[in-house]
Amino acid sequence: MRSLQHSVVLVGFMGAGKTTVAKCLGTLIGCDVIDVDALIAERAGKAIAEIFRDHGENEFRKQETAAIDGLAPLHPQIIDPGGGAVLRNADSLKKLGGIIWLRGSEKELWARVEGAENRPLLDAENPRAVFSQRFAEREAIYRAIAKYVIDVDGKSPEAIALEVFAAIS
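Residues numbered from 1 in each chain as written. Predicted model: local features only at pLDDT ≥ 70, side-chain atom pairs only at ≥ 80, totals over all residues. Heavy atoms only, no water.

We now examine the pattern of salt bridges. Considering all chains together, one arrives at ten salt bridges under this definition. The closest approach of N and O atoms between R61 and E57, which form a salt bridge, is 3.2 Å. One end of the pair is R61 and the other is E57, both in helix α3 (residues 48-69) and four residues apart, which spans about a single turn. (Salt bridge = Lys/Arg side-chain N within 4 Å of Asp/Glu carboxyl O. Helix = DSSP H or I, 4+ residues; strand = E, 2+ residues; numbered from the N terminus.)

So this is what it looks like as structure tokens:
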């Protein structure tokens, strides 16, 4: 396979498969994958859910911004920021590489995350309403910054990774 000329940033709402697709794509291309949430958790010494619980979303977003700002496009890599990273970091993400929006329908993405325990934003009285509200808020941002859009509904992570590779090649 051909190597990357520039970094690739995978964005999309929770459940779109960013982390899994990033790993598949990294293996396919043979390049590093940067999982921003894992980086934050490592630096904080606690899981993302614990950061949300102990310090709130605002503190998490500050740590997210610091992690993204600390990334340097030294060499082409796959960057996997969390679904909400675009809220404060759209410009920084665009500077890191080409933005690929992994777009899923609200119905399918909800089916993927419903009942998941590792989704701190859904730790609410009405998780479905929170999901719908945030989905609607973020869709325009994803659309505005994406260089490429890959639909994920009904596709395996491997198939999505191949589509991303075809788009960037």
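From this point, the narrative continues.
Here the focus is the sheet that holds strand β2 (residues 33-35). Read from one edge to the other, the open sheet built from five strands follows the order β2-β3-β1-β4-β5, with strand pairing classed as parallel. What marks the edges here is a single partner per strand, and that holds for β2 and β5 (148-151). Strand-to-strand twist of the sheet, defined as the mean angle between neighbouring strand axes without regard to direction, takes the value 25 degrees. As paired elements, strand β1 (residues 8-11) and strand β3 (residues 78-80) share two bridges and run parallel to each other. Paired with V8 across the strands is I78, a residue of β3. Those strands touched by helix α1 (residues 18-29) are β1, β2, β3 and β4 (98-103), and its axis lies near 170 degrees from that of β3. Set on the sheet, helix α7 (residues 157-168) makes contact with β1, β4 and β5; between it and β5 the angle comes to about 160 degrees. (Pairing = 2+ DSSP bridges. Axes fitted to C-alpha atoms, helices over the stretch in contact; angles between N-to-C directions. Contact = heavy atoms within 4.5 Å.)

The next point concerns the environment of G17. Tracing the chain through its elements places G17 in the loop between β1 and α1. Residues G17 and L109, 92 residues apart in the sequence, show an inter-C-alpha distance of 9.2 Å.

The subject of this paragraph is the packing of helix α4 (residues 86-96) against helix α6 (residues 127-145). Orientation of α4 relative to α6, taken along the N-to-C sense of each, is 5 degrees, at an axis distance of 11 Å. Classified by the angle their axes make, α4 and α6 are roughly parallel. Along the contact surface, α4 presents V86, L87, A90 and K94, while α6 presents R138, I141, Y142 and I145. (Parallel < 35°, antiparallel > 145°, perpendicular 65-115°, else oblique.)

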